[in-house]
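# Chain and residue survey
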Amino acid sequence: MGRKEFHFLWKTYKDYWHLIFLAVLGSILESIALAGLAYIIKDVVDDVFVDKNYERLMFVIIVLIFLAILKQVGFFLKNYVYPLVIYKTLKVLREKIYRKVLNAQPSFFRKISSGDLISRATTDVERFGEISTTIGTNVITETFTVIGIVAILLYRDWKMFLIFIFAIPLLALALNYFGGKRKKYSKKLQESFSDYIQHLNQIISGIEVVKLFKEKIFLKLFLKINENLYHRQKKNRFYDTVYLSSVEIIAYVATAGIIFYGGSRIISGDITPGDFFSFLGGVLILVNSLQTLQRGAINLKALSPVIDRIQFVLNIPQEKDANREFKGLREKIVYDNVSLKIGENQILKNVNLLINKGEKVGIVGLTGSGKSTLVKILPALIKDYEGKVFIDNHELKEYSVSSLREHIGVVSQDVFIFNDTLRNNLLIAKPEATDQELIEALKKAKADFVFKTEKGLDTVLGEKGSRLSGGERQRISIARIFLKNPDILIIDEGTSALDVETEEYVMEEIKNHFRDKTIIMITHRLKIIDLCNRIVVMENGQIVEEGTKEELLRKKGVFYKFFSLSKSK
């Protein structure tokens, strides 16, 4: 584990130093108790079993009870307080990650799959907690135990201790080899979990598509991912198990050597049976402690890739708020030679457009002509454009993102409904809205179907609004806009799922409600374009025509072809 990982651990745990101190105190108490047990074995064997001394027996019993109480006090402090630190840490980590995701630059989500991000934010965080729990105060306890036991062993018989010393290089070699393997497969295992979650997330999100096409191709992909996950789990467990077995073998060989040498010295009269059994008891405790320490060292290596994956999320590029507050459009919006390239695709090219306050502008064009991209620039959903976008003579990037989004509303074709009540799905537009305001907004959006449900505003709408039709979801989205009442309204195919009658009703409500507001409307339904007093035609990321409906029809250009095709349908 490198400096970066240790720095992360320090920052993560430093606020809980008082709790960690208590946990470490518990570890020390437990270590003292274990060392005391090893030390007192000599008195048990020599004074009680050999000399049959009743007074020493009573003394040993009192000491044993004291050591047992001391050990349990230490055990409680270690096994309750330290996990409490872990739980607090995980709570803070989850909150930090959530805030990072909420405030991430929109462009970031084009570069990472949702499944991988979810895996890092859930599986990796929990894995961090699990490994931290196993290595935490156990390592501290065993470290103090090793120090105490080694002191007792040296005191009892340093010659026998030399036999144990010969085993340490072998243990170090085992740790180095198997620890490296564990680190490698721990990283691969987390990646496999990420692939699994990503695939499952896609299947659940697109279950209708899966049902309508060949399911076997999805099953084939899943079986490959699942097999890969199994293989890496197996490898991870194999190296862990073989490592523990190798340590056991080395420890038993060393213990056998100690028993042989110690037994020989008892026979020759160099040491008493109490000395030997006290030493042997200490060796057994020492072996167990060293195993725990080495397991902790291996887990520490396995923790490194997990920390890397968590830090990736914590280092998500964040949106930066400028100082200028946008308080509503006063004059105009100007696109000045705006271009945008995503990867190798030229989405927008030298776009120049003026939109005056209160104007109703329609944007039409073929799919992929750049219409949606053009309007996404205004609420700062896309920031990496070239050229300038001015709002009231100030460049868009000079405004704080939060103030822009406060005054800009978007009704999109892709409506997202949270798996929550209708009320909460509406309150995201205006948290302080009364029930009466919610009902009025629903009526304007012709979403009166909700009043027929048993729970009304408290109806849970299901995952992504699964209990609603496409048109019903769009009407919920439009109701949000009536609640938000933005200064600039963007309608991006926001009525595409509505029937003609409902669409005409809703558009009339929008026209009346936002009479003095600026509206930018993208639509393929040219029959509702009459709401607009100016039309912009886009093709291949450029504006090719601009004017009123009548002007463009007289011109008999691109718009004329669109209108003719629309009329013939």
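We now turn to the structure provided with this report. As the structure is a prediction and not an experimental result, all values here were calculated from the model.

Turning our attention to the side chain of glutamate 319. Note that glutamate 319 resides in the loop between α9 (273-314) and β1 (332-342). Within the structure, the side chain of glutamate 319 is placed 2.6 Å from the side chain of arginine 405, a separation counted as a polar contact. Residue contacts for glutamate 319: discarding those within four places in its chain leaves Asn103, Ala104, Gln105, Pro106, Ala380, Lys383, Val401 and Arg405.

What follows is about the sheet that holds strand β10 (residues 542-547). One open sheet holds the six strands; their spatial order is β6-β7-β8-β3-β9-β10, and the pairing between them is mixed. In this open sheet, the two edge strands, each paired with only one partner strand, are β6 (408-412) and β10. Pairs of neighbouring strands in the sheet enclose a mean axial angle of 15 degrees, with direction left out of account. In this sheet, strand β8 (residues 518-522) lies alongside strand β3 (residues 360-365) in parallel orientation, the contact comprising four bridges. Its bridge partner lying in β8, isoleucine 363 is registered against isoleucine 522. Of the strands in this sheet, β6 and β7 (488-492) touch helix α14 (residues 470-484), which is tilted by about 170 degrees from β6.

With that out of the way, let us pick up the pairing of β7. The element β7 is largely enclosed, with a buried count of five among its five residues. The side-chain alternation of β7 yields two buried faces, one formed by Ile488, Ile490 and Asp492 and the other by Leu489 and Ile491. The pairing of β6 with β7 spans five bridges and is parallel. Note on β7: the bridge partner recorded for isoleucine 408 is isoleucine 488. Regarding the hand of the β-α-β motif, the stretch spanning β7, helix α15 (residues 500-513) and β8 is right-handed.

What follows covers a nonpolar patch on the surface. Together, Leu57, Ile61, Leu64, Ile65, Ile69 and Val73 line one region of the surface with nonpolar side chains, adding up to about 460 Å² of accessible area. Its location among the elements puts valine 73 in helix α3 (residues 54-102).

The calculated volume of the second largest pocket comes to roughly 580 Å³. Forming the boundary of the second largest pocket are 21 residues, of which His524, Arg525, Leu526, Lys527 and Ile528 lie nearest the centre. With six residues, the single largest contributor to the lining of the second largest pocket is α15. Looking at side-chain class alone, the lining of the second largest pocket contains nine nonpolar, four polar and eight charged residues.

We now examine the pattern of salt bridges. In total, this model carries 18 salt bridges according to the counting rule given. Salt-bridge contacts for arginine 423 lead to aspartate 458; the nearest nitrogen and oxygen are separated by 2.2 Å. Here the residue arginine 423 occupies a position in helix α12 (residues 422-427), and aspartate 458 occupies one in the loop between α13 (435-444) and α14, the gap between them amounting to 35 residues. Here arginine 423 falls in the buried class, since its relative accessible area comes to 19%. The residue glutamate 437 makes a salt bridge to lysine 430 at a minimum N-O spacing of 2.7 Å.

With 45 residues, the main nonpolar core has Leu426, Leu442, Ile476, Ile510 and Met521 as its most contacted residues. Elements with a minimum of two residues in this core: α12, α13, α14, β7, α15, β8, β9 (534-539) and α17 (558-568). Among the elements that line this core, the one with the most residues is α14, at six residues. Counting 33 residues, the second largest nonpolar core, distinct from the first, contains Leu29, Ile112, Val125 and Ile135.

Rules used throughout
- Residues numbered from 1 in each chain as written.
- Predicted model: local features only at pLDDT ≥ 70, side-chain atom pairs only at ≥ 80, totals over all residues.
- Heavy atoms only, no water.
- Helix = DSSP H or I, 4+ residues; strand = E, 2+ residues; numbered from the N terminus.
- Polar contact = N/O pair within 3.5 Å; in protein donor to acceptor, adjacent residues only side chain to side chain.
- Contact = heavy atoms within 4.5 Å.
- Pairing = 2+ DSSP bridges.
- Axes fitted to C-alpha atoms, helices over the stretch in contact; angles between N-to-C directions.
- Buried < 20%, exposed > 50% of the residue type's maximum accessible area, 1.4 Å probe, protein only.
- Right-handed = clockwise from strand over helix to strand, strands pointing away.
- Patch = residues over 30% accessible without salt bridge, like charges linked within 9 Å, V, L, I, M, F, W, Y side chains within 5 Å.
- Areas by Shrake-Rupley, 256 points an atom, 1.4 Å probe, with all protein chains shown as cover.
- Salt bridge = Lys/Arg side-chain N within 4 Å of Asp/Glu carboxyl O.
- 1 Å grid on protein atoms, 1.4 Å probe; cavity = no way out; pocket = protein on both sides within 12 Å on 5 of 7 lines; lining within 4 Å.
- Points joined across faces, edges and corners; volume = space filled by probe spheres on them.
- Nonpolar A, V, L, I, M, F, W, Y, C, P; charged D, E, K, R; others polar.
- Core = buried A, V, L, I, M, F, W, Y, C linked by side-chain atoms within 4.5 Å.

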